[in-house]
Amino acid sequence: MKALSTRILPIFLLVALAYHSQAQRTCGTVALQHFSKSPQEVARSNEAFEQWLAEKKATFYQNNSGTQQLNETTVYQIPVVVHVIHTGEAEGAGYNIPDEQIFAQIEVLNRDYRRLNADTSQTPATFKPVAADIGFEFVLAKRDPQGLPTNGITRTNGNRTDWSLADNSTLKSLAYWPADDYLNIWVAPLTSGLLGWAEFPTSDIIDGVNEVANNNALTDGVVITTQAFGSSEFYPQGNYKANFDLGRTATHEIGHFFGLRHISGDGGCNVDDFVQDTPPTSNYYTGCPAPGSFTYSCNAEESMFMNFMEYVNDDCMNLFSLGQKERMVIVVNNSPRRASLLTSLALQEPPVLDLAATDIVAPASGICAMQVQPAVQLSNTGTDTIRSAKVQLAVNNNLVEELTFSLNLAINQDTVVYFSNLSLTEYGDLVFSVNITAVNDSTDALSGNNQLSKTVFRPQVFTSFAEDFTTWPNTWSVRSEALVAQYNYLRAPYYDLDNTAAVLTYYQNFTPYNDQLISPVIDLSGYSKPYLLFDYAYAEIGYYDDALAVVVSFDCGNSFADTLFYKKGKELATTEYPVNFIPSGPRDWQRVALDLSAYKSSLIQLAFVGRSDGGNNIYLDNLMLQEGDYTDVALKGMVNPTGAYATATGQAQVVVENSGTTPIDNLTLATYANGNLLATSNLTGLGLLPGTRTQIAVPLPATAGQYQLQIEVATADDNPENDKLITSVNLLDDAELIPFRERFNEGQITGNWSMASEIDSTTWAIWPGSDTYLYYNAYAQG
Ligand SMILES: [Zn+2]
């Protein structure tokens, strides 16, 4: 049908789904689109897809090659995997349908899509000229995703009989083969009446605007209810649903999979199926309409209700049109996960003789030993037994050893083979590679899976380090789960404007993977009180939780067991900066000391681990290993953020942090008001442990007024940068009425305030909680 508007009417559609009695066809494909998207999003997706398809169509008809293709029929082979989702029956029983029923379904598809179906004779004379041989041939996969021989059928106990559209992901996660290489068909008992559903193809637009392109590969494919899968014509022993026993549900759903819509366009006469030669209709035809029916015709012309994309019974449908063929052929040539099916290895017979190198088991990613014994896993990916393999080992492209291993590997088996011990002399990145050069004294079928390489890092051992990133350190390594490691080496002003630092470039970078900067191996055996000092700078942008951690490894960087430091977002911030942060000077940096004395007799590695939330850059500098005690008292601010105090209180609370590595017992604070020493506070017996905070009372001037208050750590420590706090305080006389200030912090209305009301004197109340405030309780006051 052809019409002007592309809008879909979801209400019409949902009503159609709900009111179909079980005797009529129910297809969930369009409803699935609406399941997780608003009608606007579906409309936008569909429009974007149609626009993309229109462009591909224009290309298709260039040089008349499209016309030629449609007239002559190119045969396209489609690799299929059928996942039978049963309820625990033996193979061949109940929902665990036999192979023969599956073969019968494939036979139906191969007839319907080549117009070899026996009922082509039922196609009305009106439509015979546009009836099409689509040219699709469906082939049960010959190789599984590992390249091993298969019959293209998997069987899984799904343990339920009421799968629905809501279970789309759950159902498909039970069994799935990569949708780039297989048309996945899940055959499962669906909830009452539902025959099946498909996922539409996607365009190859990947600009993020087009939702169609965002469809999930892991759910791509077709679902058919068990009793509508197969054919009573080719496998009469099957247990089929009445009227849907000829395998046409799969024909219909696979039509959707290749981009076809229902003939009615799932709307009235103003909604299109984007096919020229299917006459427009206003509704679905169901059951088996009388020949020549035009009940729902928009132009009082004969309806093509016998099209595979209608809602009629299996034995009343018998054709695809040329317009539908055009659409499917364009999709299979251009759409991601459709075009890639055509070159799938699953279409080819598995090789007779083939061995694959599938994993370099040893060495691990980090090696600290002087000697390693490289080991590689080999897998038989052919059909013959493998008796021997000759394998080369190279390190940094230099051939180290070539060995012939005696094996006895059957189909689908793997084994690990070992090379001789290897003494290492080089440090840094080492590339281990293996290459299978002979199998059973011959050459195997596929050379592509004979080679494998792995980059490992061999760190040097140091007894000290002081890394200031004047140049990028080649004794440190960077490891990342992301495709691109985010550690960079950039200018980052500190005391020196031209200072350089290590930077995690996280500003508007939303890849949430760990980025590790890993130290060389550090031998701490010569230390009695080792500690790590480093400086970092991070500017918070609200809501983004970029994180930084410092972790310790005892096994050459293969795992990191202890976390010494972890902060994220607001907690990590050393300053605020709305955009792409670059430190401007010392005030943007913070120094951190971490006690390493627990590892004083160990060989360890440290990793600085960043994780991006897309907020802002994190800078690291001056990483130093030190010995002894690091004392650092840091003044972190006042408890009262408004700085308004009553003279009656006589004191304020200052937050003190132990940022050093050793407990702080004694501390002297000097308090100045407007530059004059107000008091010296000598505190003893504090017992403030490293990394903890406490509040300490400092005196305030006795008379009301505005003051600049300066609090200083008078006790000498190793980091004077954070020893001074300057703040403004507003000291209020309780008797003062102007200016007045009432924060209702007492939790009740007190003091000089009173209530008067003609209605109810208790309607003003204090809202309880961390921030108390006055509110008028109008609720239920009439
Ligand atoms: Zn449908």
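Residues numbered from 1 in each chain as written. Predicted model: local features only at pLDDT ≥ 70, side-chain atom pairs only at ≥ 80, totals over all residues. Heavy atoms only, no water.

A. Main features of the overall build of the protein chain. In terms of regular secondary structure, the protein chain is built from 9 helices and 41 strands. Against the globule reference of 28 Å for 782 residues, the protein chain gives a C-alpha radius of gyration of 37 Å, more extended than a compact globule. Along the three orthogonal principal directions, the C-alpha set of the protein chain runs to about 105 × 95 × 55 Å. Here the protein chain holds 782 residues, and the buried ones make up 50% of them. Sequence separation of 24 or more characterises 73% of the internal contacts of the protein chain that already satisfy a separation of 6 or more. (Helix = DSSP H or I, 4+ residues; strand = E, 2+ residues; numbered from the N terminus. Rg over C-alpha atoms; globule rule 2.2 N^0.38 Å. Buried < 20%, exposed > 50% of the residue type's maximum accessible area, 1.4 Å probe, protein only. Contact = heavy atoms within 4.5 Å.)

B. Highlighting the coordination of the zinc ion. For the zinc ion, the protein coordination sphere consists of C27 (SG), H252 (NE2), H256 (NE2) and H262 (NE2), at 1.9 to 2.1 Å. What the 4 donor atoms of the zinc ion show is an angle range of 97 to 120° at the metal, which sorts the shape as tetrahedral. Using a relative accessible area of 3% as the deciding quantity, one classes C27 as buried. (Donors = N, O, S within 2.8 Å, 3.2 Å for Na, K, Ca; no water. Tetrahedral: all angles 85-135°; square planar, octahedral: opposite > 155°, others 65-115°.)

C. Structural context of the nonpolar core. Core analysis: the largest hydrophobic core is formed by 56 residues, its most contacted members being F136, F138, I185 and F258. Of all the secondary-structure elements, those providing two or more residues to this core are α3 (39-60), β1 (76-86), α5 (99-112), β2 (136-140), β4 (183-188), β6 (222-225), α7 (248-257) and α8 (322-334). Setting aside anything within four residues of it in sequence, one finds F136 in contact with Y76, I78, N110, Y113, R114, F258, M328 and V332. In this structure, L504, V550, I604 and L623 belong to the second largest nonpolar core, which totals 31 residues. (Core = buried A, V, L, I, M, F, W, Y, C linked by side-chain atoms within 4.5 Å.)

D. Focus on the domain arrangement of the protein chain. When its domains are assigned, the protein chain resolves into domain 1 (10-343), domain 2 (355-458), domain 3 (461-627), domain 4 (633-732) and domain 5 (742-782). Taking the mean C-alpha position of each, domain 1 and domain 4 sit 74 Å from one another. (Domains from an automatic or database assignment.)

E. Layout of the packing of aromatic side chains. A full pass over the atoms with the stated rule returns 30 aromatic pairs. Arranged with centres 5.0 Å apart and planes meeting at 70°, the rings of Y113 and F138 form a pair that is edge-to-face. Of this pair, Y113 sits in the loop between α5 and β2 while F138 sits in strand β2, and the two are 25 residues apart along the sequence. Taken together, the ring pairs in this structure connect Y76, Y113, F136, F138, F257, F258, F308 and F320 into an aromatic cluster. (Phe/Tyr/Trp six-rings, centres within 6.5 Å; stacked < 30°, edge-to-face > 60°.)

F. Spotlight on the environment of S297. Tracing the sequence through the fold places S297 in the loop between β7 (286-287) and β8 (311-312). Spatially, the C-alpha atoms of S297 and P280 are 6.2 Å apart, while their sequence positions differ by 17 residues. Other than its neighbours up to four places away in sequence, S297 contacts P280, T281, Y285 and S303. Reaching out from S297, the side chain makes a polar contact with the backbone nitrogen of A300 at a distance of 3.1 Å. (Polar contact = N/O pair within 3.5 Å; in protein donor to acceptor, adjacent residues only side chain to side chain.)

G. Spotlight on the side chain of T278. With respect to the helices and strands, the residue T278 is situated in the loop between α7 and β7. You can call T278 buried: its relative accessible area is 0%. There is a polar contact of 2.8 Å between the side chain of T278 and the side chain of D273. Polar contacts involving the side chain of T278 include one to the main-chain carbonyl oxygen of V275, which spans 3.3 Å.

H. Representation of the sheet that holds strand β14 (residues 414-418) within the structure. Judged by pairing direction, the sheet is antiparallel, and its 3 strands sit side by side in the order β9-β11-β14 without closing on themselves. Every interior strand has two partners, whereas the edge strands, β9 (355-362) and β14, have only one. Sheet twist, expressed as the average angle between the axes of neighbouring strands with direction ignored, equals 30°. (Pairing = 2+ DSSP bridges. Axes fitted to C-alpha atoms, helices over the stretch in contact; angles between N-to-C directions.)

I. Spotlight on the state of the cysteines. In the structure shown here, the tally under the stated rule is 3 disulfides. The side chain of C288 participates in a disulfide bridge whose partner is C316; the two sulfur atoms lie 1.6 Å from each other. Its S-S torsion of approximately -100° makes the covalent link between C288 and C316 left-handed. Taken together, the residues span a long stretch of sequence, with C288 in the loop between β7 and β8 and C316 in the loop between β8 and α8 at a distance of 28 residues. Residue classification places C288 among the partly exposed residues on the basis of a relative accessible area of 49%. (Disulfide = S-S within 2.5 Å.)

J. Unusual backbone geometry, seen in detail. Looking along the chain, the bond that leaves A362 and enters P363 is cis, with omega of 0°. Summarising the element assignment, P363 is placed in the loop between β9 and β10 (371-372). Here A300, not a glycine, exhibits a phi torsion of approximately 50°, which is positive. Tracing the backbone shows A300 in the loop between β7 and β8. Of note in the backbone geometry, N622 takes a positive phi value of approximately 55° without being a glycine. Relative to the elements of secondary structure, N622 occurs in strand β31 (residues 618-627).

K. Structural detail: a nonpolar patch on the surface. A surface patch of nonpolar side chains, about 280 Å² in accessible area, is lined by W764, L774 and Y776. Within the secondary structure, W764 sits in strand β40 (residues 764-767). (Patch = residues over 30% accessible without salt bridge, like charges linked within 9 Å, V, L, I, M, F, W, Y side chains within 5 Å. Areas by Shrake-Rupley, 256 points an atom, 1.4 Å probe, with all protein chains shown as cover. Salt bridge = Lys/Arg side-chain N within 4 Å of Asp/Glu carboxyl O.)

L. Just α8, in detail. Under the 1.5 Å per step criterion, the end-to-end length of α8 is 18 Å for 13 residues, consistent within 8% with the ideal 18 Å. Of all 13 residues in α8, 10 are buried, a share of seventy percent or more. Looking at α8, one finds that the buried residues are G323, Q324, K325, E326, R327, M328, V329, I330, V331 and V332. Backbone nitrogen of G323 and a side-chain oxygen of the N-cap are separated by 3.3 Å at the start of α8; the cap is S321. (Expected span 1.5 Å × (residues − 1).)

M. Local environment of the sheet that holds strand β13 (residues 398-409). A sheet is described by the order of its strands in space; here 4 strands give the open sequence β13-β12-β16-β17, paired in antiparallel fashion. Looking at the sheet topology across the chains shown, the edges are occupied by β13 and β17 (451-458). Looking at each pair of strands side by side, their axes are set apart by 25° on average, direction ignored.

N. Quick peek at α5. When the terminal C-alpha atoms of α5 are compared, their 20 Å separation across 14 residues agrees well with the 20 Å that a helix rising 1.5 Å per residue should span. For α5, a buried count of 10 out of 14 residues is recorded, marking the element as mostly surrounded by other parts of the structure. Listed as buried for α5 are D99, Q101, I102, A104, Q105, I106, V108, L109, N110 and D112. Elements in contact with the buried residues of α5: β1, β2, β3 (153-157) and α7.

O. Just the side chain of N380, in detail. Along the polypeptide, N380 turns up in strand β11 (residues 375-380). Among the residues examined, N380 registers a relative accessible area of 1% and is labelled buried. In this view, N380 contacts L148, D354, L355, T385, I386, L409, A410, I411, N412 and Q413; residues no more than four positions away in its chain are not counted.

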